[in-house]
Each structure stands twice: as structure tokens, then as C-alpha cells.
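Chain residues, written in single-letter form:
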Amino acid sequence: MGAQMRLLPPTLPFRFFGAAAVMHVAVWLAGFWAAEGIPAFSGGPGPVLAVIHILTLGVFGMTAMGAAFQLLPVATGVAHRSLVPVRLAWWLYLSGAVVLFYGFATSIHAAMLIGGIVVAAGFMVFLAVVASLLRRARTLPLQVRFAWVGLVSLLLLVVLGLALIEDLARGFLPDHQFVGLAHLILAAFGFMGMLTMGFSYILVPMFALSANPPGPEGSVSFFLALGAVAVGVAGALVGSAPLLGGAALLGAVASAAYIRAMLWSLRNGMRKNLGLSFVLIKAAWLMLPVCLVMGGAAAFGMLGEHGPVLFTFMLLFGWLLTFLMGILQRIIPFLAAMNMSKKGKKPPRLSELAEAAPLKIHAFCHALALIAVGSGIAFDSSNLIRGGAVAGVVGALAFLWFTVTVLRSYRDYHKESDGGSAPLNSATPVSNPNP
Ligand code: HEM
């Protein structure tokens, strides 16, 4: 009952998840367009930077915001004081991101700066809302710690991001590329990495129906991951390969402890058949240590000419995108089902909310896209990258189709039970907590 009482009006989390699904299609379309410049990308504005931020802000940021706004109140039992800031964060973030993408794609400095500042404002509202929830949380100490480090990393990555934009016009930074790498490490490992690890310690036991993993793995993965991000950022800012290598090693040990804890949950969970989503999640768990080893090797120039781009691709598309697509295809129907509990009308089973075929198409095309684009970068072939981007677009459209089908099932369920339109702006009073 507590969890149900903490459900937000469905349009709030679903607008973030829906936007992530739409931006996912845009990432691969933009990747097709920017293919020529990808293998040799070494920073700076242009189509490739636009692709990176359509992915990181458009898919990752949207998913992280939607999940944090809905999951934290449900998991910690702490309610939002008001939903006005949640709506404000949405409008600032979406409008700023679109202007920033345009600025990066066209290299128009004014658009980059205005877009960057408005996105930053949206992120700061998000940060304030989540900080208020974390401050009042009295449970889940490990998960709360991960989230705090995620928020501090967010603040720092935004400051560096805006400084990088301003530096493009005024050239005041001591080393633009070093700061660009520090921004990448804070963003992908500090913000997204810490949030996904922290939320994994809530979501994976919840989906596997297991207890929280016992043993020290949770704290070990937290402190080592924190150390890896700190040493990595320091190494990037001073351009030190040994520090970057050390950070990659710390990160690899942290990820081993995290994966060990996650596998404990899967082994000891009551639900054994976790379906296609956990095939993606397990694949992402495999790509996390691989991308860290690649990062360490790239820091010493051992990955060849396109090494840094291959590392960034494996980090963003291999680990983070694969993981988030696995998680999203579980939380979207789960959240819809939690909002479908009308008196006297049995809510549908999760598997009845959408067909399985679109998710199979997505998983197959996603794997194909990773292999083709990764090979295209390694062998400097823009045609291979374009081929991979086409597979990515097909997979992303299939995922969007799945998302729309779930939302349509939600609307139809309420139409049938209310004999009218679906309640969108008010959470559903409940009768049966476990649909
Ligand atoms: C307000 C938000 C943000 C702004 C203003 C921003 C700005 C920038 C800028 C200006 C660069 C180019 C650096 C260069 O010239 O080489 C950059 C690079 C990058 N950003 Fe962001 N960014 C933001 C958010 C994010 C987020 C949330 C992520 C990831 C989760 C991210 C990931 C990256 C990556 C991976 C690069 C490429 C670094 C490189 O290879 O040089 N950014 N960002």
C-alpha cells in the first residue's frame, strides 16, 4: 500500500520514459547522419557531439530523471512536497536540450550557451528535488549514498559542460581536451554510473523477488567506484595516464563487486525466468568491466588511433544504453500495471500489456548495431557505421512501438473500467497492491 500511495500521476514518469524512447530513435538517425566524423572524433562541436548529447541528455538524462522522481518516493517512502518542480524540471530540461542539440549540430555558440544554461537549470531543479527526498530518507542507506555521489557528479559535470561551451568562444581553459575528458568521466561514471549502480540495488532484488544482497559487496562497490571517479577526474584534469589507468583498475574491481552482488540476487531470487530484459542487463554487466579495461588501455595509447572513440562508444552505447534499455522495458509495464488496479477489474499481467515481438526485434537490432558501429570505428569505415545506425533505428522504432503499446493498454484498461477516459493527472486509488 505504501508504494502505491507514492505513485505519481502517470503522465509525469511516462513523459520522461516516452521522451527517452523517442530520443533513442533520434540518436541512431543522427548517428547515420554523423557517421563520417565518428571514427576520428576528438571533441569539439559538430554532428558527433550532437549525437553524444542526444543519447546522454535525451535518453540517459530523461530515464534517470523519470526513474528518480518515481522510484525514490516508492522505495524510501518519502513523498514529494510538491509536483510543481517536477513539471518545471521537465519543461526546462526538454526545451534546453533541444536548443543545445541544435547548437552542437550547427556549432552556433549562442544556441549552445542558451541551451546549455536552460538544461543546467532543469538539472538543478531535478537535483534540488532529489536532494530533498534523499535528505528525508531513513531507509536504504547504501542506495542513498550512491544517489548523493550521483548528484554531486551532476553538479560538477554541468559546471564543466558550460565551461567547455564558453571556452569554445573565449579559450580560457588551460587544456580543453583534459576538461572534456573530466566532464565525460563525471557524466558517464559519476552521474549515470553511480545512479545506475545505486538503483540496481533496489530494482534487481525487486524484479528477481530476492532479499538485498548480504555481504560487503555493496559498500565495497560504492567506495571503490567513488575512488575510481575521483582518481579518474584528477587524472583527466592533469593529463596523467597512470592516474587514469589506476582509476580504470579501481573501477574494474568496483564493478566486479557490484556484479557479484547482482548475481547473488538473481541466484537467490524467487523469480527465475526474468526474460529478455535481463539478457540485456547481463550483457551490459559484461560490457562494464570491458569498457573500463578499454579506457585504461586507451589512456596509455594501447588501443590505436581510434581507441578513445571506441572506448567512448563501448561506455555509452555498450554498457549504459544496453543497461537502460533492459531496465526501461521492465519499469514501463511495471509502472503501468501498478497504476491499473481498479475496484472490481482484475489488472492485466505484465506480459499482457504488450507483445514480445518488438522487444525481440529491438534486442537483435541493438546487438547488430553495436557490432557494426564498433567495427566501423575500429576499421574507420563510415559505411559500416551507417549500416549499424540503420539497425539501431529499426531496433529503436521497435522499442518505441513496445512503449506505445503499453501506454495504449493502460489507456484502454481505464477506458473500459471507467467507461470514459484514462486518469492521467491523478494517481490511481488502489485496491490490490500487487497487480
Ligand atoms: C548541461 C549539460 C551538459 C553540457 C552543457 C555539456 C557540454 C559538453 C561540451 C561542450 C562538450 C565538448 C567538449 C569538447 O569540446 O570536446 C561535451 C562533451 C561530452 N559530454 Fe557533455 N554536456 C552536458 C551534459 C552531459 C551529460 C549528462 C553527459 C553524459 C551522461 C555528457 C557526456 C559528454 C561526453 C561523453 C562528451 C565527449 C567528451 C569527449 O570525448 O571529448 N554531457 N559536453
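Per chain, residues are indexed from 1 in the order of the written sequence. Residues qualify for local features only when their pLDDT is at least 70, as the model is predicted, and side-chain atom pairs are given and counted only at 80 or more; totals for whole chains, interfaces and linings, by contrast, use all residues. To get the side-chain values, all heavy atoms of the structure are used, and hydrogens and water are removed first.

A. Quick look at the overall build of the protein chain. The secondary structure listing takes helices from DSSP runs of H or I that are at least 4 residues long and strands from runs of E that are at least 2 residues long, numbered from the N terminus. The number of helices and strands found in the protein chain is 13 helices and zero strands. Counting helices and strands in the order they occur from the N terminus, the protein chain gives α-α-α-α-α-α-α-α-α-α-α-α-α. For the protein chain, the C-alpha radius of gyration of 21 Å lies close to 22 Å, the compact-globule estimate for 435 residues. The buried share among the 435 residues of the protein chain stands at 58%. Note on contacts: a residue pair is in contact if any heavy atoms of the two residues lie within 4.5 Å. Restricting the contact set of the protein chain to residue pairs at least 6 apart, pairs at least 24 apart contribute 80%. Within the protein chain, the 12 negative side-chain charges are centred at a point lying 17 Å from the centre of the 25 positive side-chain charges. The globule rule used for comparison is 2.2 Å times the number of residues to the exponent 0.38, while the radius of gyration itself is calculated over C-alpha atoms. Relative accessible area decides the class of each residue, using a 1.4 Å probe on protein chains only: under 20% of the type maximum gives buried, over 50% gives exposed, and in between gives partly exposed. Charged-residue counts in this description rest on Lys and Arg as positive and Asp and Glu as negative, His and the chain ends being excluded. By convention, the charge on Lys lies at NZ, on Arg at CZ, on Asp at CG and on Glu at CD.

B. Representation of the pattern of salt bridges within the structure. By definition, a salt bridge exists where a carboxyl oxygen of Asp or Glu is found within 4 Å of a side-chain nitrogen of Lys or Arg. By the definition in use, this model includes four salt bridges. E166 is the salt-bridge partner of R170, the closest N and O atoms lying 2.8 Å from each other. Separated by four residues within a single helix, R170 and E166 lie in helix α6 (residues 141-170), roughly one turn from each other. By relative accessible area, which is 59% here, R170 ends up exposed. Look at E166 and you get buried, because its relative accessible area is 17%. R411 serves as the salt-bridge partner of D412, at 3.0 Å between the closest nitrogen and oxygen. Residue D412 is classed as partly exposed on the basis of its relative accessible area, which comes to 27%. Overall, the relative accessible area of 36% leaves R411 in the partly exposed class.

C. Local environment of the coordination of the iron atom of the ligand. In this analysis a donor is any N, O or S atom within 2.8 Å of a metal ion (3.2 Å for sodium, potassium and calcium), and since water is not included, sites may seem incomplete. Coordination of the iron atom of the ligand by the protein involves H53 (NE2) and H183 (NE2), with metal-donor separations of 2.0 to 2.1 Å. Irregular is the default label, applied whenever a site is not tetrahedral (four donors, all angles between 85 and 135 degrees) and neither square planar nor octahedral (four or six donors, opposite donors over 155 degrees apart, all other angles between 65 and 115). Here the iron atom of the ligand binds six donor atoms, and the angle range of 87 to 180° at the metal identifies the geometry as octahedral. Here the residue H53 occupies a position in helix α3 (residues 47-76), and H183 occupies one in helix α7 (residues 176-208), the gap between them amounting to 130 residues. We classify H53 as buried; its relative accessible area is 12%. Among the residues examined, H183 registers a relative accessible area of 16% and is labelled buried.

D. Layout of a nonpolar patch on the surface. Every patch collects residues that have over 30% relative accessible area and no salt bridge, joining them within 9 Å if they carry like charges and within 5 Å if they are nonpolar side chains (Val, Leu, Ile, Met, Phe, Trp, Tyr). Using the Shrake-Rupley algorithm and a 1.4 Å probe, accessible areas are obtained, with residue cover drawn only from the displayed protein chains. A cluster of nonpolar side chains, namely F32, I361, V390, V394 and W401, defines an oily patch on the protein surface of about 430 Å² accessible area. No other element matches helix α13 (residues 382-418), which puts three residues into the nonpolar patch. Secondary-structure assignment places F32 in helix α2 (residues 11-33).

E. Structural context of helix α9 (residues 241-268). Taking 1.5 Å per residue, 28 residues should reach 40 Å; α9 reaches 40 Å between its end C-alpha atoms and fits that length. You can read the cap of α9 off the contacts: a side-chain oxygen lies 3.0 Å from the backbone nitrogen of L243, and it is on S240. One less than the number of residues in a helix, times 1.5 Å, gives the span that helix is expected to have. Pairs of N or O atoms within 3.5 Å make up the polar contacts considered here, provided that, within protein, one atom can donate a hydrogen while the other can accept it, and that residues adjacent in sequence are counted only when both atoms are side-chain atoms.

F. Structural context of the site of the ligand. Every one of the 20 residues lining the ligand counts as a neighbour, but G43, G44, H53, H176 and H183 are closest to it. Side-chain polar atom of H53 to a nitrogen atom of the ligand: 2.8 Å apart, as the coordinates give it. H183 places a side-chain nitrogen or oxygen 2.8 Å from a nitrogen atom of the ligand. Breaking the shell around the ligand down by element, the ones donating at least two residues are α3, α6 and α7. Across the shell around the ligand, the residue classes tally to twelve nonpolar, eight polar and no charged. The criterion for a residue being near a molecule or strand is simple. One of its heavy atoms has to lie within 4 Å of it. Each residue gets one of three labels, nonpolar for Ala, Val, Leu, Ile, Met, Phe, Trp, Tyr, Cys and Pro, charged for Asp, Glu, Lys and Arg, and polar for the others, Gly among them.

G. Main features of the packing of aromatic side chains. Only centres within 6.5 Å qualify two rings of Phe, Tyr or Trp (six-membered ring in Trp) as a pair; their planes then separate them into stacked at under 30 degrees, edge-to-face at over 60, and tilted for everything else. Scanning all chains against the criterion turns up 16 aromatic pairs. Chaining the aromatic ring pairs together yields one cluster made of F146, Y201, F222, F223, Y258 and W285. Geometrically, a charge over a ring is one whose NZ (Lys) or CZ (Arg) sits within 6 Å of the ring centre while staying within 35 degrees of the ring normal. In this structure, R145 is placed above the aromatic ring of F222, and the distance from its NZ or CZ to the ring centre is 5.0 Å. We note R330 situated over the ring of F207; from NZ or CZ to the ring centre the distance is 5.1 Å.

H. Seen up close, the nonpolar core. We call a set of buried Ala, Val, Leu, Ile, Met, Phe, Trp, Tyr and Cys residues a nonpolar core when their side-chain atoms join them within 4.5 Å. Within the largest apolar cluster, 153 residues are counted, with the highest numbers of intra-cluster contacts made by F123, F126 and W285. With 22 residues, helix α11 (residues 307-338) is the single largest residue contributor to this core. Setting aside its immediate chain neighbours within four residues, F126 contacts A64, M65, A68, F69, A89, L151, L154 and F191.

I. Quick peek at the side chain of H306. In this structure, H306 sits in the loop between α10 (275-299) and α11. Exposure remark for H306: the relative accessible area of 8% places this residue in the buried category. Within the structure, the side chain of H306 is placed 2.9 Å from the backbone oxygen of P39, a separation counted as a polar contact.

J. Broad picture of the packing of α3 against α11. Following both chains from N to C, one finds α3 and α11 inclined at 40°, their axes separated by 11 Å at the closest point. The chirality of how α3 crosses α11 is left-handed. From α3, I52, L55, T56, V59, F60, T63 and Q70 reach across to α11, where they touch L316, F317, L320, L321, L324, M325, L328 and L335. What counts as an axis is a line fitted to C-alpha atoms, over the stretch in contact for a helix, and the angles between N-to-C directions run from 0 to 180 degrees. Each helix crossing is assigned a hand: it is left-handed if the near helix lies turned anticlockwise from the far helix by less than a right angle, otherwise right-handed if that turn is clockwise.

K. Looking closely at unusual backbone geometry. Despite not being glycine, S107 shows a phi value in the positive range, around 60°. Within the secondary structure, S107 is located in the loop between α4 (84-106) and α5 (109-136). Given the relative accessible area of 39%, S107 is considered partly exposed.

L. Local environment of α10. The end-to-end C-alpha distance of α10, which contains 25 residues, comes to 37 Å, matching closely the 36 Å that a straight helix rising 1.5 Å per residue would cover. Positive backbone phi, approximately 70°, marks G301, located one or two places after α10.

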